[in-house]
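Spelled out from the first residue to the last, the chains are:
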Amino acid sequence: MKHTQTIFRHRKKLNAQEVGQKDEESLVALLRSTTLIHRHFGWVPPLNWLGKQPFLSVFKNRQILAALACPPDPPQIAWIRLFASDQNLPIKEAWHLLWPLAQKKLKKTRPTKTVAAIVLQDWLQEVLQESGFTQECQVSGLTRKITSDPLPNIQSEALIRAMQKKDLPVVQKIDEMAFAPFWRTPPDKLEYAHNIAVIATVAEINQQIIGYQISTGDTLKGHLARLAVSPQHQNRGIGKALLHDLLTKFEQQRYIQITVNTQTHNKISQKLYQSFGFQLAPETYPVYQIQL
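Each chain has its residues counted from 1, running along the sequence as written. Only residues with pLDDT of at least 70 get local features here, since the model is predicted, and only at 80 or more are side-chain atom pairs given and counted; chain-wide, interface and lining totals rely on the full set of residues. Heavy atoms from the whole structure form the basis of all side-chain values; hydrogens and water molecules are not counted.

Draft legend 1. Molecular detail of the packing of aromatic side chains. Pairs were defined over the aromatic rings of Phe, Tyr and Trp, the Trp ring being its six-membered one, requiring ring centres within 6.5 Å. Orientation was assigned from the angle between planes: stacked under 30 degrees, edge-to-face over 60, tilted for the rest. The final tally for this structure, using the stated rule, is 11 aromatic pairs. An aromatic cluster is defined as three or more aromatic residues linked by ring pairs; in this entry it consists of Phe 83, Trp 95, Trp 99, Trp 123 and Phe 133. Lysine NZ or arginine CZ positioned within 6 Å of the ring centre and within 35 degrees of the ring normal marks a charge as sitting over the ring. The positively charged end of Arg 226 is found above the aromatic ring belonging to Phe 179, 3.9 Å away from the centroid.

Here is the structure:
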């Protein structure tokens, strides 16, 4: 009863409301001051979602105490892009102030049907479970250290070349064919990924693009963010050719480590990466979702 009364007192004093560009400074202050932060795996930083709704916050004296961002993207899926709370506002109270309004707004958005989150912290998993979210699958990480060990020999009919902006419409079609709606990348985000990529390539046969990869990175570590081959050209070594070319380029640029994520049940992808020396990380991350 005491805990319920505490939440009630907070709710009488605090209200959830939309966040806009004018609130960016206060939002940055929150993210710098707290450790209670969930950030979605993805190319787009949380602040880039400002101006798209639902992006909600709890204010007190013009200070943001908590924030929740889950704009639909693609239209059918609303990933939880950001959830953060001030250290002095219990995380469950923050969630109960923000989630009902976010859910109400999403139910009015067509054709959004699902809200999902890749859970990196135990506290978020508990919060989601209490709100009716259920586990859909798990995501595993794999890591490969750049060594002097030679890469496997690859024989492929595909030509690998740098991805160009004009290739994006075809790349988008391959993405849609290769991935279920839950995991597809919208066109504007694919263009954003291409713009920030350190290495982005396509595979061609007879001048027809039939596969691609996009990788990000810093000065020492690279991350294979996306790799896909059109379904009619799978099982022909195209993925291996793209991966071989990518790792060769990373080695030439003196990266020391490469990472990639895939669904735990996707044994085909795991086998591909492990054949190139990637090792499964011990941690897995559950993916939770709720139907609106």
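Draft legend 2. Examining helix 7 (residues 238–252) more closely. Where helices and strands are cited, they refer to DSSP runs of H or I of at least four residues and of E of at least two residues respectively, numbered from the N terminus. Here, expected helix span is obtained from the residue count minus one, scaled by 1.5 Å. Between its terminal C-alpha atoms helix 7 stretches 21 Å, which fits the 21 Å expected from 15 residues at 1.5 Å a residue. Type-normalised accessible area, obtained with a 1.4 Å probe on protein chains alone, sets the label of each residue: buried when under 20%, exposed when over 50%, and partly exposed for intermediate values. Burial in helix 7 covers these residues: Ile 238, Gly 239, Ala 241, Leu 242, Leu 243, Asp 245, Leu 246, Leu 247 and Phe 250. Count one or two residues on from helix 7 and you reach Arg 254, which has phi positive near 65°.

Draft legend 3. Inspection of the side chain of Arg 144 at higher detail. In this fold, Arg 144 is placed in strand 8 (residues 134–145). Within the structure, the side chain of Arg 144 is placed 2.5 Å from the backbone oxygen of Phe 276, a separation counted as a polar contact. Not counting the four nearest positions on each side in its chain, Arg 144 is found in contact with Asp 149, Leu 151, Leu 247, Glu 251, Ile 256, Gln 257, Ile 258, Phe 276, Gly 277 and Phe 278. Any N or O atom pair separated by 3.5 Å or less is treated as a polar contact, with the protein-specific requirement of one donor-capable and one acceptor-capable atom, and with residues adjacent in sequence counted only for side-chain atom pairs. Every residue pair with non-hydrogen atoms within 4.5 Å of one another is taken to be in contact.

Draft legend 4. Quick peek at the pairing of strand 7 (residues 114–118). Most of strand 7 sits inside the fold, with 5 of its 5 residues counted as buried. Side chains Thr 114, Ala 116 and Ile 118 of strand 7 all project onto a buried face; the interleaved residues Val 115 and Ala 117 project onto the opposite face, where all are buried too. The pairing criterion for strands is at least two bridges between them, as found by DSSP. Sheet analysis places strand 5 (residues 77–79) next to strand 7, joined by 3 bridges and oriented parallel. Looking at strand 7, one finds that Ile 77 is bridged to Thr 114. In terms of strand pairing, strand 7 meets strand 14 (residues 279–291) through 5 bridges, oriented antiparallel. Following the sheet pairing, Ala 117 is matched in strand 14 by Tyr 288.

Draft legend 5. Layout of the sheet that holds strand 8. If you trace the 9 strands from one edge of the open sheet to the other, you get 5-7-14-8-13-12-11-10-9, paired in mixed fashion. The open sheet terminates on both sides in strands that have one partner only, identified here as strand 5 and strand 9 (159–162). Going from strand to strand, the sheet's axes swing by 25° on average, the running direction of each strand aside. Judged from the 7 bridges that link them, strand 8 and strand 13 (residues 257–263) form a sheet pairing that is antiparallel. Across the sheet, residue Val 139 finds its bridge partner in strand 13, namely Gln 263. Axis definition: a line fit to C-alpha positions, over the contact stretch in the case of helices; interaxial angles, taken between N-to-C directions, run 0 to 180 degrees. In the packing of helix 5 (residues 168–178) onto the sheet, contacts are made with strand 10 (199–205), strand 11 (208–217) and strand 12 (221–229), and the angle to strand 11 comes to roughly 90°.

Draft legend 6. Broad picture of the pattern of salt bridges. By definition here, a salt bridge exists when the distance from a side-chain nitrogen of Lys or Arg to a carboxyl oxygen of Asp or Glu is within 4 Å. Using the criterion set out here, one finds 13 salt bridges in the structure. Across the pair Lys 189 and Asp 73 runs a salt bridge whose closest N-O atoms are separated by 3.5 Å. Highlighted residues: Lys 189 in helix 6 (residues 187–196) and Asp 73 in the loop between strand 4 (63–69) and strand 5, separated in sequence by 116 residues. On the basis of relative accessibility, which here comes to 13%, the residue Asp 73 falls in the buried class. Residue Lys 189 is joined to Asp 188 by a salt bridge in which the shortest nitrogen-to-oxygen separation is 2.6 Å. A network of salt bridges, in which partner residues are shared, links Asp 73, Asp 188 and Lys 189.

Draft legend 7. Representation of the sheet that holds strand 4. Read across the sheet, 5 strands follow the order 1-3-4-6-2 without closing on themselves; strand pairing throughout is antiparallel. Two strands bound the open sheet, and with one partner strand each, they are strand 1 (16–18) and strand 2 (37–39). Ignoring strand direction, the axes of neighbouring strands in this sheet form an average angle of 25°. Pairing geometry for strand 2 and strand 6 (residues 82–85), over 3 bridges, is antiparallel. Within strand 6, the position partnered with His 38 by the bridge is Phe 83.

Draft legend 8. Local environment of the side chain of Thr 185. Here Thr 185 lies in the loop between helix 5 and helix 6. You can call Thr 185 buried: its relative accessible area is 8%. A distance of 3.1 Å separates polar atoms of two side chains, one belonging to Thr 185 and the other to Arg 226. Excluding residues that lie within four positions of it along the chain, Thr 185 makes contacts with Trp 43, Gln 172, Asp 175, Leu 190 and Arg 226.

Draft legend 9. Quick peek at helix 5. Along helix 5, the positions that sit buried rather than exposed are Leu 168, Val 171, Gln 172, Ile 174 and Asp 175. Buried residues in helix 5, looked at end-on, bunch into an arc of 160°, giving them a common side. Residues of helix 5 that are exposed and point more than 90 degrees away from the buried face comprise Pro 169 and Lys 173. The elements touched by buried residues of helix 5 are helix 6, strand 10, strand 11 and strand 12. This arc is taken over the directions from the axis of the helix to the C-beta atoms.

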